[in-house]
Each structure stands twice: as structure tokens, then as C-alpha cells.
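Coordinates in review
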Amino acid sequence: MVGNWKMHGRISDNATLLTEVAAGASALQKGVRVGVCVPCPYLAQSQALLSGSVVQWGIQDVSAHSGGAFTGEVAAEMAADFGVTYAIVGHSERRAYHRESPELVASKAQRAIEAGLTPIVCVGETLEERQAGTTEQIIGTQLDAVLAILTEEQAAGIVVAYEPVWAIGTGKTARPGQAQDVHAFLRHKLLEKGASVASVPLLYGGSVKPENAEELFGQKDIDGGLIGGASLKSKDFLAICRAAQTVTH
Ligand code: PGA
């Protein structure tokens, strides 16, 4: 279960949120892994407050380069200096607002792996793409670009998040069956890369809330969630984490 704080947080509020999440997560069953992806300036704070807890921390994007004249960019190696586990790459907000191509996202995933981080590769279609019947084509292209440049061993170490763009921050959630269909398609594509890749965790993201979490996580190929808005409230985020415990698949 991974929280994506997006561009939210202030140093004083974060302390409360991180401490509450760490305390709540310690009571979860061992099978439930919890992480929070925070804005870069708060990586040091996350490291200080979460080290020794069961909660891992991550970054929301990394550069496709490992260093050099790239003003404003952050290298995966820099994040690794702060004990980071996860790096979200290819979030739809970056694909849309920063024109990130499938190939650029793939390079970012590869840099993250080389720096010892676990990339959480986001894929998802817009409402227009879904209505045009091109969902599988769009997310297939997004995932293929990543799988094409990774070895089977590297690919087996990634996490994939399906986030329909029309469900992010809109309050609209994909119906559990709708999400499962896409997850089954993604699972099949991963299997094509190799048997070990088929067990990559597949997260669902897009308006996951305590009220809908259990039904979503109950789907066969939904292994967890990438949680935006609800990860900013420890009560909601922890309720979502607890919903994952009740699922047995
Ligand atoms: P949301 O965001 O839960 O606020 O819809 C999910 C995401 O964008 O990762």
C-alpha cells in the first residue's frame, strides 16, 4: 500500500502524519507492506521519522539521467542517499503536464533500478481513450516501453500501478470488475516477459477510499493500492491498509 502525497505537505504537518502512519502500520499483519512517496524536500524528514519503522518511503519521480547539467532534476542516486525504497515513474500527471513519453518513463525506471530503488511504474488511460476502446493499446504501449529495456531479472523487481486517469482525484473509481479486467491484461503482458515477472505487484490507484478499498483489493489481480488524497489523512490511509489485510488471495 503506497501513499502518493503529490505536492502536499509542510514540515510541521508531515511530522504528525508520518508518526501516526508508522504507529498504525506497526499493528498490521506482516504481509501488508506500506510506503509513502513524499515531495523531495521531505525525504530527509521521512528518513529521520520512519527509519526503524515498518513504513518505507519513496520519491514521486526521478530523472532519466544520473547526474549533470539538468537544472531542477533529481537523480535516483540522490534519493538513494536518503534511504529511499520506491520511485514512482510515469504518473499520469507527469505524462500529461510534463509530456513524458513511454520511452522517457522507461529510462527513468531503468535509472531507478540502477540506483537500487524499486520503480512503481504507473500506466493508465484517459476517459477519451477508454471511450474509444483503446485502453489496452494505450497501457500496453506504456508498459511495453518499460519491459523492452529491462532484463527479465530487472523487470521482476518492479511494481506496476494501474491508474485510470479519469479516476484520479475525481472521486470516480473504476468498478472493481473494470479494474480487474485491466489488471488481468497487465498480468498477461508481464507473464510474456517471463514467469518470474508475472508475480510483480499490481497496484490500483484512483480515488481509493476506506469505503471502496476492500472490494477493489478483493479482485484476483489487484495486489495493493497507490493512494493519493486519502494518504494525506492517517486515519483514512490506515483504514485502507487494514482493508488489504482482510483479503486472502
Ligand atoms: P487519488 O490519486 O487517490 O487522489 O485519486 C491517486 C494517484 O494519483 O496516485
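As shown above, the structure is provided for reference.
In short, a report on the structure. (Residues numbered from 1 in each chain as written. Predicted model: local features only at pLDDT ≥ 70, side-chain atom pairs only at ≥ 80, totals over all residues. Heavy atoms only, no water.)

With burial as the criterion, each face of strand 6 (residues 159-162) is covered, one bearing Val 159 and Ala 161 and the other bearing Val 160 and Tyr 162. Strand direction decides the pairing type here: strand 5 (residues 118-123) and strand 6, joined by four bridges, are parallel. Opposite Val 123, over in strand 6, you have Tyr 162 as the bridge partner. Bridging between strand 6 and strand 7 (residues 202-205) involves three bridges; their strand directions are parallel. In the strand pairing of strand 7, Val 160 is matched with Leu 202. The parallel pair strand 6 and strand 7 is bridged by helix 9 (residues 176-193), and the resulting crossover is right-handed. (Buried < 20%, exposed > 50% of the residue type's maximum accessible area, 1.4 Å probe, protein only. Helix = DSSP H or I, 4+ residues; strand = E, 2+ residues; numbered from the N terminus. Pairing = 2+ DSSP bridges. Right-handed = clockwise from strand over helix to strand, strands pointing away.)

Quick look at the packing of helix 1 (residues 11-25) against helix 2 (residues 43-50) now. Across the interface, helix 1 lies against helix 2 with an axial gap of 10 Å and an inter-helix angle of 35°. Every pair of crossing elements has a handedness; the one defined by helix 1 and helix 2 is right-handed. Along the contact surface, helix 1 presents Ile 11, Asn 14, Ala 15, Leu 18, Thr 19 and Ala 22, while helix 2 presents Gln 45, Ser 46, Leu 49 and Leu 50. A breakdown of the residues in the contact of helix 1 with helix 2 according to their chemical character gives six nonpolar, four polar and no charged. (Axes fitted to C-alpha atoms, helices over the stretch in contact; angles between N-to-C directions. Left-handed = near helix turned anticlockwise from the far one by under 90°. Contact = heavy atoms within 4.5 Å. Nonpolar A, V, L, I, M, F, W, Y, C, P; charged D, E, K, R; others polar.)

If you check the backbone angles, Lys 6 has positive phi at about 55° while not being a glycine. Tracing the backbone shows Lys 6 in the loop between strand 1 (2-4) and helix 1. Although it is not a glycine, Arg 99 sits at a positive phi angle of roughly 50°. Classification of Arg 99 as exposed rests on a relative accessible area of 74%.

Sheet architecture is closed into a barrel: eight strands sit in the order 1-2-3-4-5-6-7-8, paired in parallel fashion. Sheet twist, expressed as the average angle between the axes of neighbouring strands with direction ignored, equals 30°. The strands that helix 11 (residues 234-245) touches are strand 1, strand 2 (34-37) and strand 8 (224-227); relative to strand 2, the one it contacts most, it runs at about 140°.

Our focus in this paragraph is the nonpolar core. Val 34, Val 36, Val 160, Leu 186, Tyr 204 and Phe 217 are the most contacted members of the largest nonpolar core, which has 68 residues in total. Not counting the four nearest positions on each side in its chain, Phe 217 is found in contact with Met 1, Val 208, Ile 222, Gly 224, Gly 225, Ile 240, Ala 243, Ala 244, Val 247 and His 249. Ile 120, Cys 122, Val 159 and Ala 161 belong to the second largest nonpolar core, which has 10 residues in total. (Core = buried A, V, L, I, M, F, W, Y, C linked by side-chain atoms within 4.5 Å.)

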